[in-house]
Amino acid sequence: MLFDDFYFKSLIRTVEDWPKPGISFRDITPIFSDPKGLRMVVDAYVHRYIDSDITHIACIDARGFLIASVLAYELHKPLVLVRKKGKLPGKTISQSYDLEYGSAELEIQEGAVHEGAQVLLFDDLIATGGTLVAAMTLLQQQGAEIQEVASIIDLPDLGGSAKIQEMDIPVFSLCAFE
Ligand code: PRP
Ligand code: ADE
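Calculation notes
- Residues numbered from 1 in each chain as written.
- Chains lettered and ligands numbered in written order.
- Predicted model: local features only at pLDDT ≥ 70, side-chain atom pairs only at ≥ 80, totals over all residues.
- Heavy atoms only, no water.
- Helix = DSSP H or I, 4+ residues; strand = E, 2+ residues; numbered from the N terminus.
- Rg over C-alpha atoms; globule rule 2.2 N^0.38 Å.
- Contact = heavy atoms within 4.5 Å.
- Areas by Shrake-Rupley, 256 points an atom, 1.4 Å probe, with all protein chains shown as cover.
- Near = heavy atom within 4 Å.
- Polar contact = N/O pair within 3.5 Å; in protein donor to acceptor, adjacent residues only side chain to side chain.
- Salt bridge = Lys/Arg side-chain N within 4 Å of Asp/Glu carboxyl O.
- Buried < 20%, exposed > 50% of the residue type's maximum accessible area, 1.4 Å probe, protein only.
- Pairing = 2+ DSSP bridges.
- Right-handed = clockwise from strand over helix to strand, strands pointing away.

Caption draft 1: Representation of the overall build of the protein chain. Scanning the protein chain for helices and strands turns up six helices and nine strands. In terms of C-alpha radius of gyration, the protein chain reaches 16 Å, essentially the compact-globule figure of 16 Å for 178 residues. Considering only C-alpha atoms, the protein chain reaches an extent of 40 × 40 × 30 Å along its principal axes. A fraction of 60% describes how many contacts in the protein chain between residues 6 or more apart in sequence connect residues 24 or more apart. Working note: accessible area of the protein chain is about 8800 Å², and carbon and sulfur atoms make up 51% of it.

Caption draft 2: Broad picture of the site of ligand 1. The full set close to ligand 1 counts 16 residues, and Tyr 101, Asp 123, Asp 124, Thr 128 and Thr 131 are the nearest of them. At 3.1 Å, a side-chain N or O of Lys 84 approaches an oxygen atom of ligand 1. Backbone polar atom of Gly 130 to an oxygen atom of ligand 1: 3.4 Å apart, as the coordinates give it. The fraction of the free accessible surface of ligand 1 (510 Å²) that becomes covered by protein chains is 87%. Mapped by element, the contributors of at least two residues to the shell around ligand 1 are β7 (118–126) and α5 (130–141).

Caption draft 3: Structural context of the pattern of salt bridges. Going through the model one piece at a time under the given rule, you end up with six salt bridges. Where Asp 27 meets Arg 13, a salt bridge forms, and the shortest distance between an N and an O atom there is 3.1 Å. With Asp 27 in strand β2 (residues 24–27) and Arg 13 in strand β1 (residues 13–16), this pair connects stretches of sequence that are 14 residues apart. Note on Arg 13: relative accessible area 47%, which makes it partly exposed. Between Asp 61 and Arg 83 there is a salt bridge whose closest N-O contact spans 3.2 Å.

Caption draft 4: Inspection of unusual backbone geometry at higher detail. The residue after Trp 18, namely Pro 19, is reached through a cis peptide bond having omega 0 degrees. Tracing the chain through its elements places Pro 19 in the loop between β1 and β2. In this structure, Ala 62 follows Asp 61 across a cis peptide bond, with omega equal to -5 degrees. Looking at the secondary structure, you find Ala 62 in the loop between β3 (56–60) and α4 (63–75). Notably, Asp 17 is not glycine yet its phi reads approximately 60 degrees, a positive angle. One non-glycine residue, Asp 168, adopts positive backbone phi at about 65 degrees. Among the secondary structure elements, Asp 168 is positioned in the loop between α6 (160–166) and β9 (171–176).

Caption draft 5: Broad picture of the pairing of strand β5 (residues 92–99). With eight bridges connecting them, β5 and strand β6 (residues 102–109) associate as antiparallel partners. Residue pairing in the sheet places Leu 99 in a bridge with Gly 102 of β6. Linking two consecutive strands that pair antiparallel, namely β5 and β6, is a turn of two residues.

Caption draft 6: Structural context of the pairing of strand β8 (residues 145–154). The element β8 is largely enclosed, with a buried count of eight among its 10 residues. Sheet analysis places β7 next to β8, joined by eight bridges and oriented parallel. By the bridge assignment for β8, Asp 123 is matched with Ser 151. Taken together, β7, α5 and β8 form a β-α-β motif whose crossover is right-handed. Looking at chain direction, β8 and β9 are connected through five bridges and run parallel. Looking at the pairing, Val 149 lines up with Val 171 of β9.

As structure tokens, then:
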């Protein structure tokens, strides 16, 4: 399906002062209420990665899971779950981080990726980049290489995408809100 920029942006709702005063929250829920919109978004990523040599798709709890799992299905790739602390059974490694409106801790299971895995890391939104950098650290500790970070939304003013690119990791986002 052809990517319609205007239609796509109409599917992102801005909620002011949520979850804290001063935050302009970019809500992706309307994408999932709109089958045409969801298909358009998924198709954009399928088109970009269908001929890539990624071996795994990793995604971040919770909103990152939504598109990445469909993408893993379409691209026939294993999906690696990077979860908030305390959700994964067995041996895990963890990394704490700060994000635009708080702090948290991420985990992956030991052995979730193998040495040399070529990972596409997906999340819905990049703000400060704290979340994605923590996920990158966990994957790299297991020997994975991050081929690219993909998101639906970039908030460039918060510096996260620039920080990731400075680490020599390409970033692909469908839209940006200044
Ligand atoms: C949101 C969003 C990103 C992160 C981006 O996650 O889904 O993961 O913030 O912020 P950062 O670039 O400043 O780190 P949140 O922790 O709110 O989790 P959710 O997906 O469970 O709603
Ligand atoms: N995660 C971090 N900052 C966010 C924002 N402004 N909107 C939605 N999710 C976010």
